[in-house]
Amino acid sequence: MIERIVVVGSGVMGRGIAYVGALGGYAVSIVDINPDALKNAENEISVIFEKGVERGKVTAETATTAKEKLSYVTDLAQAAANADLIIEAVPEIAAIKQQVFETIEAHAPEACYFATNTSTMSPTEIASYGKRPEKTIAMHFFNPVHKMPLVEIIRGLETNDETAKVIREVAERMGKETVVINEFPGFVTSRMSALVGNEAFHMLQEGLGTPEEIDKAIKLGLGYPMGPFELVDLVGLDARLNNLRYMHEKLGERFRPAPLLEQYVQAGRLGRKSGKGVYEYAQHETEKELVKK
């Protein structure tokens with residue numbers, strides 16, 4: 001039975017996963033080697049709770065109880081030693097994920113399950129960094145985690161049925177809808193989102209229309225809640241570029257990144273987090289302000 005969850009990484013995704021985990025009644029430890037990043041995560045999570053109470057999404061009592069279930073630690077080995085489930089939410093860089101999985105493999109209890117929050121990378125490959133592939137799976141949460149209803153659960157080559165069942169139950173207890181699919185590069189959602197977003201950059205590069213016009217056409221014509229440029233500014237142009245490069249390598253030419261996207265990243269136009277992506281934002285707009293929106 002899962003009761004204690006460790007989330008590795010205190011960035012936007014990690015803190016969002018920790019938030020819904022605590023709301024689901026789990027004891028959640030957020031791990032990051034950077035104490036300042038942990039403090040920032042704690043502040044941002046407090047903002048999400050405050051907004052949830054203000055909007056009637058959660059009661060004040062529920063928010064207080066959930067916040068008490070959160071802890072912020074810098075020692076991954078120590079946190080892993082008492083975990084029932086460890087969710088890795090570090091950048092989409094194989095070397096970093098490998099380091100995390102080697103550490104948790106060495107210190108986590110034998111019964112502990114491992115999950116990766118990758119949006120494109122192979123859970124089979126990531127599982128190879130540890131020694132329990134049958135208990136390793138991908139949990140693809142969406143940004144912002146506290147608002148997006150879906151968790152895409154991806155089985156690796158050796159993931160067993162019990163692990164898939166347990167992880168689905170965890171996600172549902174966090175208040176999420178789930179789909180359980182088999183591994184293939186990009187899964188379902190990232191493949192579709194990357195194609196649409198990349199094509200939008202080709203359109204912009206060709207002078208077909210302004211970002212505002214393209215976003216409006218996609219939202220109103222196809223029923224998307226956000227336009228492709230609004231979305232890429234939220235998730236980060238660098239993250240989208242990394243995903244496209246991975247899928248281009250694995251799936252072929254149709255995922256080759258648009259040159260304009262590469263230019264934007266080279267210029268430091270990474271989206272909301274840098275103050276400028278496809279659109280421009282207020283100087284040094286913080287993640288706290290983004291959470292409020």
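Everything that follows concerns the structure shown earlier in this document.
Keep in mind that this is a model prediction, so the values were computed, not measured. (Residues numbered from 1 in each chain as written. Predicted model: local features only at pLDDT ≥ 70, side-chain atom pairs only at ≥ 80, totals over all residues. Heavy atoms only, no water.)

Here we look at the overall build of the protein
Next up, step 1: Tallying secondary structure elements over the protein gives 13 helices and 8 strands in all.
Next up, step 2: Its C-alpha radius of gyration of 19 Å places the protein within 12% of the 19 Å reference for a compact globule of 293 residues.
Next up, step 3: Seen along its three principal axes, the alpha-carbon backbone of the protein occupies a region of about 55 × 45 × 35 Å.
Next up, step 4: Counting over 293 residues, the protein shows a buried share of 48%. (Helix = DSSP H or I, 4+ residues; strand = E, 2+ residues; numbered from the N terminus. Rg over C-alpha atoms; globule rule 2.2 N^0.38 Å. Buried < 20%, exposed > 50% of the residue type's maximum accessible area, 1.4 Å probe, protein only.)

Some thoughts on the pattern of salt bridges
Next up, step 1: Enumeration according to the criterion identifies 15 salt bridges in this entry.
Next up, step 2: Of the charged contacts in the structure, one is a salt bridge between glutamate 92 and lysine 97, with a shortest N-O distance of 3.1 Å.
Next up, step 3: A residue is classified by how much of its surface remains accessible, and glutamate 92, at 23% relative accessible area, is partly exposed.
Next up, step 4: The class for lysine 97 is buried, based on a relative accessible area of 0%.
Next up, step 5: Between glutamate 105 and arginine 132 there is a salt bridge, with the nearest N and O atoms lying 3.1 Å from each other. Taken together, the positions of glutamate 105 in helix H5 (residues 94-107) and arginine 132 in the loop between helix H6 (123-127) and strand S6 (136-141) put the pair 27 residues apart, joining distant regions of the chain. The pair glutamate 105 / arginine 132 is uniform in exposure class, with both members buried.
Next up, step 6: A cluster of three or more residues bridged by salt bridges with shared partners is formed by Glu88, Glu92 and Lys97. (Salt bridge = Lys/Arg side-chain N within 4 Å of Asp/Glu carboxyl O.)

Considerations on the nonpolar core
Next up, step 1: Core analysis: the biggest nonpolar cluster contains 40 residues, and Val6, Ile86, Ile104, Phe201, Phe229 and Val278 have the highest contact counts within it.
Next up, step 2: Within the residue set of this core, elements represented by two or more residues are strand S1 (4-8), helix H4 (76-80), H5, helix H8 (189-205), helix H10 (228-235), helix H11 (237-251) and helix H12 (259-266).
Next up, step 3: When residues in this core are grouped by element, the largest group, 6 residues, is from H11.
Next up, step 4: Membership of the second largest hydrophobic core comes to 36 residues, among which are Ile17, Tyr19, Leu38 and Val170. (Core = buried A, V, L, I, M, F, W, Y, C linked by side-chain atoms within 4.5 Å.)

Let's talk about the side chain of serine 119
Next up, step 1: In this structure, serine 119 sits in the loop between strand S5 (113-116) and H6.
Next up, step 2: In this structure the side chain of serine 119 is engaged in a polar contact, spanning 3.3 Å, whose partner is the side chain of asparagine 243. (Polar contact = N/O pair within 3.5 Å; in protein donor to acceptor, adjacent residues only side chain to side chain.)

What to know about helix H1 (residues 12-23)
Residue pairs three or four apart in sequence face the same way in an α-helix, which turns once every 3.6 residues.
Next up, step 1: Taking 1.5 Å per residue, 12 residues should reach 16 Å; H1 reaches 17 Å between its end C-alpha atoms and fits that length.
Next up, step 2: Taken across its 12 residues, H1 has 9 buried, putting it largely inside the fold.
Next up, step 3: Gly14, Arg15, Gly16, Ile17, Ala18, Tyr19, Val20, Gly21 and Ala22 are the residues of H1 that are buried.
Next up, step 4: Once H1 finishes, glycine 25 follows within two positions and takes phi at roughly 95°, a positive value. (Expected span 1.5 Å × (residues − 1).)

So, the packing of H1 against helix H2 (residues 35-54)
Next up, step 1: Relative orientation of the contacting elements H1 and H2 amounts to 50°, with a least axis distance of 10 Å. Here H1 lies oblique to H2, going by the angle between them. Note on packing geometry: the crossing formed by H1 with H2 is right-handed. Counted together, Arg15, Ala18, Tyr19 and Leu23 of H1 and Asn40, Ala41, Glu44, Ile45, Ile48 and Phe49 of H2 form the full contact between these two elements. (Axes fitted to C-alpha atoms, helices over the stretch in contact; angles between N-to-C directions. Parallel < 35°, antiparallel > 145°, perpendicular 65-115°, else oblique. Left-handed = near helix turned anticlockwise from the far one by under 90°. Contact = heavy atoms within 4.5 Å.)

Examining the packing of H8 against H10
Next up, step 1: Two elements in contact, H8 and H10, have axes separated by 9 Å at closest approach and are oriented at 115°. Of the possible angle classes, the one that applies to H8 and H10 is roughly perpendicular. The crossing of H8 and H10 is left-handed. Here Ser193, Val196, Gly197, Ala200, Phe201 and Leu204 of H8 come into contact with H10, specifically with Pro228, Phe229, Leu231 and Val232.
Next up, step 2: Of the residues assigned to the contact of H8 with H10, the class counts are 8 nonpolar, 2 polar and no charged. (Nonpolar A, V, L, I, M, F, W, Y, C, P; charged D, E, K, R; others polar.)

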